[in-house]
Amino acid sequence: MNKTLVVYGSSTGTLQEYAETIAAKLGAEVMNVTDVDAGKLKEYTNLLLGTSTWGSGEIQDDWYDGLKELQKADLEGKTIALFGCGDAESYSDTFCGGMAELYRAVKDSGAKLIGQVDASTYSYDNSEAVEDGKFVGLALDVNEDNDERIQNWIAEIENQL
């Protein structure tokens, strides 16, 4: 596996726990988005980017500056996978919408995007993070035990990193 960094933005610690779990299973480094700049991103071949979802489907607050760093970074040739968490019970109409903002920030960057997940295995009403029946990354519902989803996703992407 090439050099991999898991970057997260988390307000309550939930997404941080998911990020740390993913990083540990992959043997990757993990950093809060507040500690990452374009220069740091250059050091890695693979980037796994995660955000929690807030309000009406927005990214976690620390990611607003993080998106600026992503836009400054040369992502050409990198492999990127996205993950995010949301609350499908209370916010079923904007479930994991924050991932959509990360996706829009990297989709035309020249990076290879991996790790899309079949949306039919989730119970939610709407999500901007779904394209062609798939989430743009791993969607994690804070109301569920996500261990199996994380394990299956890692098994899918691991050989592409």
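Heads up: these notes are all about the structure in this document. (Residues numbered from 1 in each chain as written. Predicted model: local features only at pLDDT ≥ 70, side-chain atom pairs only at ≥ 80, totals over all residues. Heavy atoms only, no water.)

1. With respect to the packing of helix H3 (residues 63–72) against helix H4 (residues 98–106)
In a packed pair of helices, the relevant descriptors are the angle between the two axes and the axis-to-axis distance. Across the interface, H3 lies against H4 with an axial gap of 10 Å and an inter-helix angle of 15°. It follows that H3 is roughly parallel to H4 by the angle criterion. Crossing hand, H3 versus H4: right-handed. Counted together, Trp-63, Tyr-64, Leu-67 and Leu-70 of H3 and Glu-101, Leu-102, Ala-105 and Val-106 of H4 form the full contact between these two elements. Broken down by class, the residue content of the contact of H3 with H4 amounts to seven nonpolar, no polar and one charged. (Axes fitted to C-alpha atoms, helices over the stretch in contact; angles between N-to-C directions. Helix = DSSP H or I, 4+ residues; strand = E, 2+ residues; numbered from the N terminus. Parallel < 35°, antiparallel > 145°, perpendicular 65-115°, else oblique. Left-handed = near helix turned anticlockwise from the far one by under 90°. Contact = heavy atoms within 4.5 Å. Nonpolar A, V, L, I, M, F, W, Y, C, P; charged D, E, K, R; others polar.)

2. Regarding the sheet that holds strand E9 (residues 134–135)
The three strands are arranged E7-E9-E8 in an open sheet whose pairing can be described as antiparallel. A single partner strand is all that each edge strand has here, and the edge strands are strand E7 (117–118) and strand E8 (130–131). Of the pairings in the sheet, the one linking E7 to E9 comprises two bridges and is antiparallel in character. Each residue of the ladder has a partner; that of Asp-118, found in E9, is Lys-134. (Pairing = 2+ DSSP bridges.)

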